[in-house]
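An overview of the molecular structure
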Amino acid sequence: MLIWENIKLALQGLRSNKMRALLTMLGIIIGIGSVIAIMTVSSSLTNSITDTFAEMGANNVTVGLKQQSEEQETRSNGMKFGVSNRRISLEEEDRITDEMIEEVKKKYSTEVGCVSLEESVGSGTVKSGENSANVTLSGINTGFFNTNELTLLTGRFLTEDDVTGSKSVIMVSNKVVENIFDGDNNAALGQKINIDINNVYYSFYIVGVYEYDEDADSFSSDSDEDVTTSAYLPITTGKQTMHTDDGYEKFTIVTNSTVESVTDFADEIAAYMNQKFYVQNEDYQISTTTMSTMTDSMNEMIGTVSVAIAFIAGISLLVGGIGVMNIMLVSITERTREIGTRKALGAKNSSIRLQFIIESVILCLIGGVLGIILGLILGAVAASMLGYSAAAPLAAIAGSVVFSMVIGVFFGYYPANKAAKMNPIEALRYE
């Protein structure tokens, strides 16, 4: 009951000195508002990054070769030399083979949904009379379409028969069709095109036309006619065309939904392949990366920067707390006779102390709530201007409320204790 009475007295005191109370709370409002605004923008940016990486394949594991990191190398004469900066060429026997991939798929049959392969074949120019179109050729398997979104305009995607049969078929973009076939996608199907790669012509038959995504290549300086787009052919055909080594430098695993932790699964894949296939390899080992890993790293970096900025902004809370202490000391001076009267009537020191601590907490709590509202508004506006959907940081909001109360207790205790220790006789004589 005593607490409720003190709360009512505190609110009554705020109403009677509105302007002074507002100016006192200003430091708290600005401090809390700044922190909430920063954390709102940070939370919005983090959610946006997470969603973006999820769209890019949050359940994908990229498995690739990584050069061994060795501090020193022992020569035949027993001498050791530092080799931290050495570069070792990738030999065919170092590459990931089809047999290795099949072993992985067999061992982790319930976890692996499919495997995506992609290898660069080179850049070239599609030529037809005086018309031409620039392309980059990539050899792919059918799993590639599970990790990359292509909008098919006409025809079909590459099939397993195309890959196993090393067929001379190709998928091109609508930009190639615009330059070579006057934009008639249907007319392009089944047509033979010649691609000049390093002054050597290779012939392929168009089986599909996909839509070129201009947004994905927004930084290209080429004109619409000269823009370079990707063309896809079976990975086996690509290797035969360019006479490249067997095997791959990397491949991508699309995991099934049954995999609880993609990161843990990626670590398990790396350990398995290194132990089974690369334990004797002194130059290369298997390394894995996931979108989750990149997302976590990015979010950690954003979080660190946000906390640092929020800490700097939170310095104003210290200023606000000092302002609260100052106004409480002024309030005690103004109410010296009231304190003396209460003590003369039998009020305990603890009651006086509690009264002023509650007043301080109420003052900071109201400032904290106003600061939260201000911070959410500013954060939403800033996030909107940056192009992100605003995400309210609930933990920061709850923390701000608690922190406001802590500030009230911390900076209100000294004035409250000073009031509690007043001599009632001297207080009653105070003018």
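These figures come from a predicted structure and were not determined experimentally. (Residues numbered from 1 in each chain as written. Predicted model: local features only at pLDDT ≥ 70, side-chain atom pairs only at ≥ 80, totals over all residues. Heavy atoms only, no water.)

Looking only at helices and strands, the chain features 15 helices and 13 strands. Out of the 431 residues belonging to the chain, those deemed buried represent 42%. Put simply, 77% of the contacts in the chain that link residues at least 6 apart link residues at least 24 apart. Accessible surface, the chain: about 23600 Å² in total, of which carbon and sulfur atoms supply 54%. (Helix = DSSP H or I, 4+ residues; strand = E, 2+ residues; numbered from the N terminus. Buried < 20%, exposed > 50% of the residue type's maximum accessible area, 1.4 Å probe, protein only. Contact = heavy atoms within 4.5 Å. Areas by Shrake-Rupley, 256 points an atom, 1.4 Å probe, with all protein chains shown as cover.)

This next bit is on the packing of aromatic side chains. Applying the stated criterion to the full structure yields seven aromatic pairs. Among the aromatic residues, those joined into a cluster by ring pairs are Phe144, Phe145, Phe157, Tyr210 and Tyr232. Geometry around Tyr108 places Lys107 over its ring, the cationic atom sitting 5.5 Å from the centre. (Phe/Tyr/Trp six-rings, centres within 6.5 Å; stacked < 30°, edge-to-face > 60°. Lys NZ or Arg CZ within 6 Å of the ring centre and 35° of its normal.)

All right, on to helix 13 (residues 349–386) then. Between its first and last C-alpha, helix 13 extends 54 Å over 38 residues, near the 56 Å set by a 1.5 Å rise per residue. In the segment just after helix 13, Gly387 is the residue with positive phi, at about 90°. (Expected span 1.5 Å × (residues − 1).)

For Met328, the location among the structural elements is in helix 11 (residues 315–334). Owing to a relative accessible area of 3%, Met328 belongs among the buried residues under this scheme. With 83 residues separating them along the chain, Met328 and Phe411 place their C-alpha atoms 8.9 Å apart. Excluding residues within four positions of it along the chain, Met328 makes contact with Phe356, Glu359, Ser360 and Pro415.

Counted by the stated rule, this structure contains five salt bridges. The partner of Lys105 in a salt bridge is Glu102, and the shortest N-O contact between them spans 3.6 Å. Taken as a pair, Lys105 and Glu102 lie in helix 3 (residues 98–107) at a separation of three residues, close to a single helical turn. Its relative accessible area of 46% is what places Glu102 among the partly exposed residues. Where Asp162 meets Arg156, a salt bridge forms, and the shortest distance between an N and an O atom there is 2.7 Å. Its relative accessible area of 1% is what places Asp162 among the buried residues. On the basis of relative accessible area, Arg156 is assigned to the partly exposed category, the value being 32%. Several salt bridges share partner residues, and in doing so they unite Arg95, Glu119 and Lys239 into one network. (Salt bridge = Lys/Arg side-chain N within 4 Å of Asp/Glu carboxyl O.)

Quick look at the pairing of strand 12 (residues 250–255) now. Counting buried residues in strand 12 gives five out of six residues, a clear majority hidden from the surface. Note that strand 1 (residues 60–67) and strand 12 share five bridges and pair antiparallel. Its bridge partner lying in strand 12, Val61 is registered against Ile253. The sheet contact formed by strand 4 (residues 112–116) and strand 12 spans four bridges and is antiparallel. Bridging across to strand 12, Cys114 finds its partner in Val254. (Pairing = 2+ DSSP bridges.)

What follows concerns the confidence of the model for the chain. Across the chain, the average pLDDT comes to 81, with 86% of residues at 70 or higher. For the chain, per-element mean pLDDT is lowest for strand 3 (residues 80–82), which scores 41, and highest for strand 8 (residues 169–173), which scores 95. Low pLDDT (under 50) marks residues 72–84, which in the prediction has 18 contacts with non-local residues, meaning those over four places away or in another chain. (pLDDT = per-residue confidence, 0-100.)

All right, on to the packing of helix 11 against helix 14 (residues 394–420) then. Their axes nearest at 9 Å, the elements helix 11 and helix 14 cross at an angle of 30°. In the packing of helix 11 onto helix 14, the handedness of the crossing is right-handed. Where helix 11 approaches helix 14, its residues Leu317, Leu318, Gly321, Ile322, Met325, Met328, Leu329 and Ile332 are matched on the opposing element by Phe403, Ile407, Phe411, Tyr414, Pro415, Ala416, Lys418 and Ala419. Residue composition of the contact of helix 11 with helix 14, grouped by class: 14 nonpolar, one polar and one charged. (Axes fitted to C-alpha atoms, helices over the stretch in contact; angles between N-to-C directions. Left-handed = near helix turned anticlockwise from the far one by under 90°. Nonpolar A, V, L, I, M, F, W, Y, C, P; charged D, E, K, R; others polar.)

Before going further, it helps to examine the nonpolar core. Counting 30 residues, the largest nonpolar core has Ile339, Phe356 and Leu363 as the members making the most contacts within it. At the level of elements, helix 2 (18–57), helix 11, helix 13 and helix 14 are the ones that each hand at least two residues to this core. Looking at this core element by element, the count peaks at nine residues for helix 13. For Phe356, the residues in contact, after removing those within four places along its chain, are Met328, Ser331, Ile332, Arg335, Ile339, Ala416 and Ala419. Formed by 27 residues, the second largest nonpolar core is a distinct cluster that contains Met100, Tyr108, Val262 and Tyr272. (Core = buried A, V, L, I, M, F, W, Y, C linked by side-chain atoms within 4.5 Å.)

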